[in-house]
Each structure stands twice: as structure tokens, then as C-alpha cells.
Amino acid sequence: METQLDIVLAEKYKSNSQKIRVMSEIWTEQNIFCPNCGGKLSGLKNNKKVSDFLCKNCLENFEQKASKKKFKWKVISSEYYTLIKRLKEENKPNFFFLHYIDLKYSIENFFVVPKYFFVSEIIEKRKPLSSTAKRAGWTGSNILFDRIPNSWKIYYIEDGKEISKKKVLEKWKKTAFLKDIKKDNLKWWILDIMNCIESLNKKEFNLKEIYAFEKDLKILHPENKNIKAKIRQQLQFLRDKWYLEFLEKRGNYRVL
């Protein structure tokens, strides 16, 4: 896979943001396959709201963000109300994130976050533009990247190293069951438990270790009065979906 952006493609543009947009989108169309089916991606017209690429084979669509900084805390995204509306639609986009090294224009990290991980809770509304601004009242948004754990990111390139197509497709398939969950509150519970599991930073864990997150989960889900029972329910669900394995010793689990 070519990991260098072609600066010649953007010579006619003046602003650096325009150059990066053009170079990065052309690079993605030429190098990146659909993580759902492995098919070829096609670039969409610039006026297509919240989407940049489409897989004509399986019809998955993707929006892309490119940055010379690593994606860590907040990522500036599109117009807030458009994005929130789009995330509630059936054909909402998956998100590509491209991190390049400034001046060298070489790609250090490229990954996709599947659309089923995107719920309104990780989108922050920005302050509307002032009445004197050219686009007065326009309201932007931020993706709260610190709420996206590493297990939700499917890398094509990580720290400059290319990941095999087989591994990309396998990792996508591992959490594909989430796209069938339509209710945001139910999905958010599952995602929170997955986040708790990842924060343990190990393949095997026990129920007591997940119970330690009870206070944090109560803050996130104040309507629930029996957090421990809900934890067990979600672990059972993740086992049924082959995300976890129950071990012989009672209350012990392994991430598959």
C-alpha cells in the first residue's frame, strides 16, 4: 500500500486544508478497500452531506477526517444538526480517520470506526457562529474522541505499519452484530461494558473486576437501579455474540 500523499494532485489549491482534503480523499479512493466486504470504494461529490465514499458492492458509506495531529480528545466534525440527524438514519456513515506527518505528507495511522459505535452521546455541540460571521448561526460539532476506545478502531495502518486485509475484515466482522441493535440506550449499555473490559487491558478478567465500574456506570445510566444485574446481562449478550467466552471457573471471562 502506498503511504505517501501526492502533493502534485493539490498544487492548484491555495489553502492547506483544501490541499489535504484533496490529497487524502484521492489517496483513500486509490488505496483503501471496504472493511465490510473488501470491495472498492468510490468518492462521492463534495456536496454529499456527511459522506465522502461509497462501496458500490455493499453500499456502506464513509466520512473521512484527516489531521496532522493524532486523534486524541476532540475532533472537529460537520454541522451539528445535520450530523445528529444523519446518525439516526439507517444509512448513516462509518468514519475513516487519517493521520499524516506534517510536511512529509506520509500516512502514519489510518483506521475506521464502524457506524454502530457512533451515537449522539459522543457528539458535542459547538457554540454557534456569531451574528457578524459570514455563516451566522452555523453550529459545528466535535467528536469526543476520548470516549472512543481502541477496540472500536480498526486499523489499516498503525504507527506506519500496514495491517493485512484479512485482519481488517476479521476485526470488522467481530463487532458487526451491533448494527442490528436499533435502540441507542441498549447499544450504549453494551458499548460501555465493552469500554470497561478494554480499560482492564487484558484478555482474561473476572466479574468482580467489572463490578468495580459500578459507580461509573451508575453515573452514565442513572435510570438503572440494578447495575450489577445489568452488567451480567450485557456480559451474557457479548458471550452469545462470540465477543467473549465464559471460562470454566465461575465468573471468569476471556475476550475472543
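As a reminder, the structure under discussion sits directly above these lines.
The rules we used
Residues numbered from 1 in each chain as written. Predicted model: local features only at pLDDT ≥ 70, side-chain atom pairs only at ≥ 80, totals over all residues. Heavy atoms only, no water. 1 Å grid on protein atoms, 1.4 Å probe; cavity = no way out; pocket = protein on both sides within 12 Å on 5 of 7 lines; lining within 4 Å. Points joined across faces, edges and corners; volume = space filled by probe spheres on them. Nonpolar A, V, L, I, M, F, W, Y, C, P; charged D, E, K, R; others polar. Axes fitted to C-alpha atoms, helices over the stretch in contact; angles between N-to-C directions. Helix = DSSP H or I, 4+ residues; strand = E, 2+ residues; numbered from the N terminus. Parallel < 35°, antiparallel > 145°, perpendicular 65-115°, else oblique. Contact = heavy atoms within 4.5 Å. Buried < 20%, exposed > 50% of the residue type's maximum accessible area, 1.4 Å probe, protein only. Arc of directions from axis to C-beta. Polar contact = N/O pair within 3.5 Å; in protein donor to acceptor, adjacent residues only side chain to side chain.

What follows concerns empty space enclosed by the protein. If a probe the size of a water molecule is rolled over the atoms, the empty space left behind becomes visible. Evaluated as defined, the whole model comprises 1 cavity of 30 Å³ or more. The computed volume of the largest cavity comes to approximately 40 Å³. Ile 84, Leu 87, Lys 88, Lys 92, Phe 118, Val 119, Ser 120 and Asp 184 together form the lining of the largest cavity. Classifying every residue of the lining of the largest cavity by side-chain character gives 4 nonpolar, 1 polar and 3 charged.

Moving on, we come to the packing of helix H4 (residues 184-199) against helix H7 (residues 227-240). The geometry of H4 relative to H7 is characterised by a closest axis approach of 10 Å and an angle of 85° between their N-to-C directions. The angle between H4 and H7 falls in the class roughly perpendicular. Counted together, Leu 186, Trp 189, Ile 190, Ile 193, Met 194 and Ile 197 of H4 and Ile 227, Lys 230, Ile 231, Gln 234, Leu 235, Phe 237 and Leu 238 of H7 form the full contact between these two elements. Of the residues assigned to the contact of H4 with H7, the class counts are 11 nonpolar, 1 polar and 1 charged.

Turning our attention to helix H2 (residues 80-87). Among the residues of H2, those classed as buried are Tyr 80, Leu 83, Ile 84, Arg 86 and Leu 87. One side of H2 carries all its buried residues, which in axial view fall inside an arc of 165°. Those residues of H2 that are buried lie in contact with strand E3 (61-67), strand E4 (74-77), strand E5 (94-101), strand E7 (123-125) and strand E8 (141-144). Its side-chain oxygen at 3.1 Å from the backbone nitrogen of Tyr 81, Glu 79 defines the N-terminal cap of H2.

Turning our attention to the layout of surface pockets. The computed volume of the second largest pocket comes to approximately 450 Å³. In terms of lining residues, the second largest pocket is bounded by 19 residues, among which Ser 151, Lys 174, Glu 198, Tyr 243 and Val 255 are the most central. Per-element accounting of the lining of the second largest pocket gives the leading share, 4 residues, to H4.

Moving on, we come to unusual backbone geometry. Its identity is not glycine, yet Asn 201 carries a phi of approximately 60°, on the positive side. By relative accessible area, Asn 201 is classed as exposed at 69%. Positive phi, normally seen in glycine, also occurs at Trp 242, with a value near 60°. Assignment of secondary structure puts Trp 242 in the loop between H7 and strand E12 (244-246).

Turning to the environment of Leu 217, a few remarks are in order. The residue Leu 217 is located in helix H6 (residues 214-220) in this model. Each C-alpha atom, one on Leu 217 and one on Leu 207, is 15 Å from the other, the two residues being 10 residues apart in sequence. Filtering out sequence-adjacent residues up to four positions away, Leu 217 remains in contact with Trp 189, Asp 192, Ile 193, Cys 196, Ile 227 and Ile 231.

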